[in-house]
2 protein chains.
Amino acid sequence: MKYSIGIDFGTLSGRAALFEVGSSKEICCSVLNYPHAVIDTGSEYAEKLFGGLPQDFALQHPQDYLDVLSTTIPDVIKQSGVDPKDIIGIGIDFTACTMLPVKKDGTPLCFMDKYKNDPYAYIKLWKHHAAQDKANKLNEIAEERGEKWIKSYGGKISSEWMFPKIWETLDKAPEIYEEADCFVEAADWVIWQLCGKETKNSCTAGYKAMWNKKEGYPSPEFFAALDKRMENVIAEKFSCPVSPLGQKAGEVTAKAAELTGLCEGTAVAVANVDAHVTVPALGMKETGKMLMIMGTSTCHMLLSDEDKYVPGICGSVEDGILPGMIGYEAGQSCVGDHFAWFVENLLDSDYKAEAEAKGIAPQQLLAEKAAAIPAGKSGLLALDWWNGNRSILVDVDLTGMILGMTLATKPEEIYKALVEATAYGTRMIIENFNDHGVPVTGLYAAGGIAVKSPETMQIYADVTGLEIKISGSSQAPALGSAIFGAVAAGKANGGYDSVYDAAEEMGSLSDKVYTPNPSEKAVYDKLFAEYKKLHDYFGRGENNVMKNLKKLKD
Amino acid sequence: MKYSIGIDFGTLSGRAALFEVGSSKEICCSVLNYPHAVIDTGSEYAEKLFGGLPQDFALQHPQDYLDVLSTTIPDVIKQSGVDPKDIIGIGIDFTACTMLPVKKDGTPLCFMDKYKNDPYAYIKLWKHHAAQDKANKLNEIAEERGEKWIKSYGGKISSEWMFPKIWETLDKAPEIYEEADCFVEAADWVIWQLCGKETKNSCTAGYKAMWNKKEGYPSPEFFAALDKRMENVIAEKFSCPVSPLGQKAGEVTAKAAELTGLCEGTAVAVANVDAHVTVPALGMKETGKMLMIMGTSTCHMLLSDEDKYVPGICGSVEDGILPGMIGYEAGQSCVGDHFAWFVENLLDSDYKAEAEAKGIAPQQLLAEKAAAIPAGKSGLLALDWWNGNRSILVDVDLTGMILGMTLATKPEEIYKALVEATAYGTRMIIENFNDHGVPVTGLYAAGGIAVKSPETMQIYADVTGLEIKISGSSQAPALGSAIFGAVAAGKANGGYDSVYDAAEEMGSLSDKVYTPNPSEKAVYDKLFAEYKKLHDYFGRGENNVMKNLKKLKD
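1. A closer look at the overall build of chain A
A tally of regular secondary structure across chain A gives 21 helices and 23 strands. Taking 2.2 N^0.38 as the reference for a compact globule, 554 residues should give roughly 24 Å; the C-alpha atoms of chain A span a radius of gyration of 23 Å, in line with that estimate. Dimensions of chain A, computed from the C-alpha atoms along their principal axes, are close to 70 × 55 × 45 Å. Taken across its 554 residues, chain A has 61% of its residues classed as buried. Taking contacts inside chain A between residues at least 6 apart in sequence as the whole, the part at least 24 apart equals 72%. Counting every atom, chain A has about 19,400 Å² of accessible surface; 47% of that belongs to carbon and sulfur. One finds the centroid of the 54 positive side-chain charges in chain A at a distance of 2 Å from the centroid of its 76 negative side-chain charges.

2. Focus on the nonpolar core
By size, the foremost hydrophobic cluster in this structure holds 148 residues, and its most contacted members are F433 and F538 of chain A together with F433 and F538 of chain B. Among residues more than four places away in sequence, those in contact with F538 of chain B are L403, L534 and F538 of chain A together with L383, W385, L398, M401, N543, V545 and M546 of chain B.

3. Observations concerning the pattern of salt bridges
If you walk through the whole model with that rule in mind, you get 58 salt bridges over all chains. Ionic pairing is found between K25 of chain B and E20 of chain B, a salt bridge with its closest N-O pair at 3.7 Å. One salt bridge in this structure joins D181 of chain B and K103 of chain B, with 3.7 Å as the shortest N-O distance. Taken as a pair, D181 of chain B in the loop between α5 (174-179) and β8 (182-185) and K103 of chain B in the loop between β6 (99-102) and β7 (123-124) lie far apart in primary sequence, 78 residues in all. Members of the salt-bridge network, linked through shared partners, are R427, E431, K521, D525 and K532 of chain A.

4. Considering the sheet that holds strand β18 (residues 381-383) of chain B
What holds strands together in a sheet is hydrogen bonding between their backbones, with the strands either parallel or antiparallel. Strand order in the open sheet formed by four strands is β19(A)-β20(A)-β19(B)-β18(B), with antiparallel pairing between adjacent strands. Of all the strands in the sheet, the pair left with one neighbour each is β19 (381-383) of chain A together with β18 of chain B. Pairwise comparison of adjacent strand axes, ignoring direction, gives a mean angle of 10° for this sheet. Looking at chain direction, strand β20 (residues 400-405) of chain A and strand β19 (residues 400-405) of chain B are connected through five bridges and run antiparallel. Paired with G400 of chain A across the strands is M405 of chain B, a residue of β19 of chain B. Contacts from helix α20 (residues 518-539) of chain A reach β19 and β20 of chain A together with β19 of chain B, with the element oriented near 40° to β19 of chain A.

5. Here we look at the interface of chain A and chain B
Taken together, the contact between chain A and chain B spans 52 residues of the former and 52 residues of the latter. Buried area between chain A and chain B, both sides added, is near 4,300 Å², and the carbon and sulfur share of it is 60%. The largest share of the area that chain A buries against chain B comes from L407, L549 and K553 of chain A, three residues that together contribute 16% of it. There are zero salt bridges connecting chain A and chain B. Linking chain A to chain B there are 19 residue pairs in polar contact (both at pLDDT 80 or more). Mapped onto the side of chain A that touches chain B, the elements with two or more residues apiece are α12 (336-346), α13 (349-358), β20, α15 (411-435), α20 and α21 (545-553) of chain A.

6. Comments concerning helix α15 (residues 411-435) of chain B
Residues and elements named next belong to chain B. With 25 residues, α15 extends 36 Å between its outermost C-alpha atoms, agreeing within 8% with the 36 Å of an ideal straight helix rising 1.5 Å per residue. With 23 of its 25 residues buried, α15 lies for the most part within the structure. Trailing α15 by a residue or two, G437 shows a phi angle of about 85°, which is positive.

7. Description of the environment of M1 of chain A
Residue and element names in this part refer to chain A. In this structure, M1 sits in the segment before β1 (3-9). Look at M1 and you get exposed, because its relative accessible area is 56%. The sequence separation of M1 and I87 amounts to 86 residues, and the corresponding C-alpha distance is 9.2 Å.

8. Points about the packing of aromatic side chains
Throughout the structure, instances matching the rule amount to 48 aromatic pairs over all chains. Pairing Y65 of chain B with F94 of chain B gives two aromatic rings, centres 4.9 Å apart and planes at 90°, and the pair type is edge-to-face. Placement of the pair is Y65 of chain B in helix α2 (residues 62-80) and F94 of chain B in strand β5 (residues 87-94), with a sequence separation of 29 residues. A residue is classified by how much of its surface remains accessible, and Y65 of chain B, at 1% relative accessible area, is buried. On the basis of an interplanar angle of 40° and a centroid distance of 5.1 Å, the ring pair of F163 of chain B and F238 of chain B is categorised as tilted. In this pair, F163 of chain B is assigned in helix α4 (residues 162-172) and F238 of chain B in the loop between α9 (233-237) and β10 (242-243), connecting sequence segments 75 residues apart. Neither F163 of chain B nor F238 of chain B differs from the other in exposure class; each is buried. In this structure an aromatic cluster arises from ring pairing among W149, F163, Y217, F222, F223 and F238 of chain A. Over the face of the ring belonging to Y177 of chain A we find K237 of chain A, whose NZ or CZ atom lies 4.5 Å from the ring centre. Between K134 of chain B and the ring centre of W167 of chain B, over which it is positioned, the NZ or CZ distance is 4.8 Å.

9. Considering the pairing of strand β15 (residues 298-304) of chain B
Residues and elements named next belong to chain B. The buried fraction of β15 is high, at seven of seven residues. Side chains of β15 alternate between two faces, with T298, H300, L302 and S304 and C299, M301 and L303 buried alike. The hairpin turn running from strand β14 (residues 289-294) into β15, its antiparallel successor, is three residues long. Sheet topology places β15 next to strand β17 (residues 326-332); seven bridges connect them, and they run antiparallel. Looking across to β17, one finds that H300 is bridged to A330.

10. Digging into unusual backbone geometry
Here the bond from S391 of chain A into I392 of chain A is cis, since omega is 10°, no more than 30 degrees from zero. C97 of chain B follows A96 of chain B through a cis peptide bond whose omega is -10°. Relative to the assigned elements, C97 of chain B resides in the loop between β5 and β6. Residue M210 of chain A is not a glycine yet carries a positive backbone phi of 60°. One can find M210 of chain A in the loop between α7 (202-208) and α8 (220-226). Of note, V394 of chain B is a non-glycine position whose phi angle comes to about 50°, a positive value.

11. Considering the relation of the copies chain A and chain B
By a simple turn and slide, chain A fits onto chain B: the slide is 0.1 Å along the axis, the RMSD is 0.1 Å, and the turn is 179°. Here the copies are linked by what is in effect a two-fold axis. Across chain A, the rotation axis passes nearest the C-alpha of S349 of chain A, at a separation of 2.1 Å.

12. Quick look at the sheet that holds strand β17 (residues 315-318) of chain A
Residue and element names in this part refer to chain A. Taken in spatial order, the seven strands make up an open sheet running β17-β18-β16-β15-β21-β22-β23, and their pairing is mixed. For this open sheet the edge positions go to β17 and β23 (509-514), each flanked by a neighbour on one side alone. Across the sheet, the axes of successive neighbouring strands diverge by a mean angle of 25°, strand direction being ignored. In this sheet, strand β16 (residues 298-304) lies alongside strand β15 (residues 289-294) in antiparallel orientation, the contact comprising five bridges. Along β16, the bridge assignment pairs I293 with C299. Running at roughly 145° to β15, helix α17 (residues 454-464) makes contact with β15, β21 (442-446), β22 (468-471) and β23 of the sheet.

The rules we used
- Residues numbered from 1 in each chain as written.
- Chains lettered and ligands numbered in written order.
- Predicted model: local features only at pLDDT ≥ 70, side-chain atom pairs only at ≥ 80, totals over all residues.
- Heavy atoms only, no water.
- Helix = DSSP H or I, 4+ residues; strand = E, 2+ residues; numbered from the N terminus.
- Rg over C-alpha atoms; globule rule 2.2 N^0.38 Å.
- Buried < 20%, exposed > 50% of the residue type's maximum accessible area, 1.4 Å probe, protein only.
- Contact = heavy atoms within 4.5 Å.
- Areas by Shrake-Rupley, 256 points an atom, 1.4 Å probe, with all protein chains shown as cover.
- Lys, Arg positive; Asp, Glu negative; His and termini not counted.
- Charge placed at Lys NZ, Arg CZ, Asp CG, Glu CD.
- Core = buried A, V, L, I, M, F, W, Y, C linked by side-chain atoms within 4.5 Å.
- Salt bridge = Lys/Arg side-chain N within 4 Å of Asp/Glu carboxyl O.
- Pairing = 2+ DSSP bridges.
- Axes fitted to C-alpha atoms, helices over the stretch in contact; angles between N-to-C directions.
- Buried area = accessible area lost by both parts, 1.4 Å probe.
- Polar contact = N/O pair within 3.5 Å; in protein donor to acceptor, adjacent residues only side chain to side chain.
- Expected span 1.5 Å × (residues − 1).
- Phe/Tyr/Trp six-rings, centres within 6.5 Å; stacked < 30°, edge-to-face > 60°.
- Lys NZ or Arg CZ within 6 Å of the ring centre and 35° of its normal.
- Least-squares fit on C-alpha atoms with pLDDT ≥ 70 in both.

Spelled out as structure tokens, the structure:
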């Protein structure tokens, strides 16, 4: 029996899992919470290292990722009793864009004595939000110049992405910009530590660094228009070529073997992103199928042969999800967070007591009560914008709305309306793809909500009118990474020569399939028409009340 | 020293209070809960008397009102030790339209053996809602015929009023219609019991029975258009002339003296309505001043010299509030109810615990936390339509809305937004009066909220930009009734010859005056502009989503 390791680097911890090659069977797993966690304004390390940080900063320490490698890999080897020789490959997935400045040899600038107290020498985590003004300016200039590549990002790039973050560093800490030989995704940096050489994966390059398989990066003229000093940023700091997903990045070096307990020469896959790597973990490989990774927020991954302009999405990237296909990404910024907000702030004390008496979580009580209400019977309708709208309006300044309340409205009705609102949001995304020549014909779901909330999943099936298949693994990202590890090893070494073959054998679906209920669907069609009207009214400029209120608030 | 008694007949009890004439000093009071309470579908009497009642029925028993007279009046006499000879007058106020069918001598049909089990022989309480189809039909016919009087009611009359209720009886129980010599307001019936003869007060006649001082009632042709059998309803069943408020209805008869312990010959004032009678209790007598009686809902009373068409109000009636003036009535159907809904359904358990620890009511805790939030800082905006909109949209099918929520929104912010929404609703009513030639230049407030919630009252001052004076008496309706009792007695008997003189001496204001805070006002002006836009968008047909949702729900 051969094995592959997948490591899922999240926001707060790294989780390694060991899988059998040839099935989705997980042997064991090991988690390390990052010692420095997120270094933000409230963190003790912000004080220690920098004497404080502004509100919108979110940094990480690269040593934490090395600690994940040096503790979780030995741990799964030990737990499993597997001979490291039988571990044929390793793959990782990461949050993105989570990036850092490094020297030519891969040394993070923050490891250098002279920069260890400079926040710009550290890793900017995906949710570092201090580059919003740079993103705004970048979008403006791209639009003025008629840059074509911006269409791949639904017309707008985010402050969370690579070049706004680099531009912020150039602006605030030009010496760091100068000193850095490369700016790299943390995902690629970890792979570099394992196999001793730099690679750039097509997923983060495509979705977060404005790279396109056919056109490459934007032109020097564009970067010069941002800032003269950035004119040659690509030539100077992005010289490493981009590798498609499914490629082998290299092999575990002697040094990395010592760190991890893996054998020298073990195959290392090109890095990947947590949401994207989940697609093969469900065995998905068909065009037209959309995966929803549903947690605090939702990411939508869609496979297609068609490279179309779809406004309001996060990105469309060739080789971005699976090699040889166009991978579309969209997102909703407030899903589980939305329901948690309600439970945390507005949970009636009688309901809390009832949940305690039944020995279930309050949210479960609400979900059960909500499930007993037929579609339309609450009389309520909400817009799911408590955390802005990612797709398809790409507007962080939008806020939540709910209407239809009467003096008889009950908490479970409001709870249900919030769940329904997120389902309508997903249907907007689906219809937007359909309307722009990228049809969505089926749904898959992974993540905490997909696995734990059957009531929510049934509403999604009823609202979208599409069947929903559910991940068979509760650790789908780690499984996806292990699949890429097995592909990096190759068939000759007991793995696979293609991610499609690997996904076929190792991808896993639950037996549970959610099928739309036609009578609920018919009511939801009417409700969705009302949602859409309000979505456009409040979201497309007809009534900017949400923005006006936000301005007044600030 | 002379005294006057005011009795406030509410929905569930009658409350008599004895006041000194010449001041607002209350000597004592006495309350009787009606033994039959409200006879509705859940009531034991519904089963006993009628073998059940439909959902929308709300009846009362006239014996309960007699019991109020026979227990509370002797009780205040006894408590106070006042010689009944020194009680110079009595006045009452009532809910309206609360009406019953009676014989020529005042005997309620339900007192007759043959009708004691017929619900249509009983009193239909103001909130009896079984005549909605009749009201709709009546409004339709009035509009078709271009009836001018309907303009006095903002263009629409309510199912709660006199003629829809009579028409319902004619339709469902024609024998009761036939047998009734008169249909009377319960208020006028109680006065009849005290002084032995029928009177009709100009307040209920004007606001609830489509009577106008100049034009009288609608024409026989109009009533015939409703139902041929109603052609002569006015001649046959409304022959009693209408008396302006402030008149003496008569004197306590020997029989009534025996019932109440009052002296025979004690002056009895023409009946009045609870909201309307409150105006002189605050000493109000100027044009342009609006009184808000703020409880579960709010009634707005406005005095003016001008008889204008003001769309969306409840009514404008000459002599309707004070003799010689035009009294305008408007209303908001959901005020205290709105806040109570939030506390009853969405009170976070942490907040409940905090309120308990502080020994205050949860609503008080919310109000205090809300008061610490400056205008605009919540980023929230609500429409106060949880119970439909009375004025100025007159639409029971509208529902609540709130927007601006983020993941950081706190319960006290939502609570404050609900309070603000009711204040915006009041400002809409004020601006509607201003826009139609009846300027509002100052505010007065009475009722539970006015007395108990300084935080709410300050918001109303800040939102409207008007100073608000507060009732000095917590029993303003009873005081108002006692004022009319003293006027009925007349100056020669130690009372007053005019309600204006009486209001001057006996009306009472609190020392507390709420003054607009200019900086809050400036923010509220902006928020109100947003409210108004949404009010019109959802309320005037541009987006009928609330009605569509309600249809789906039903």
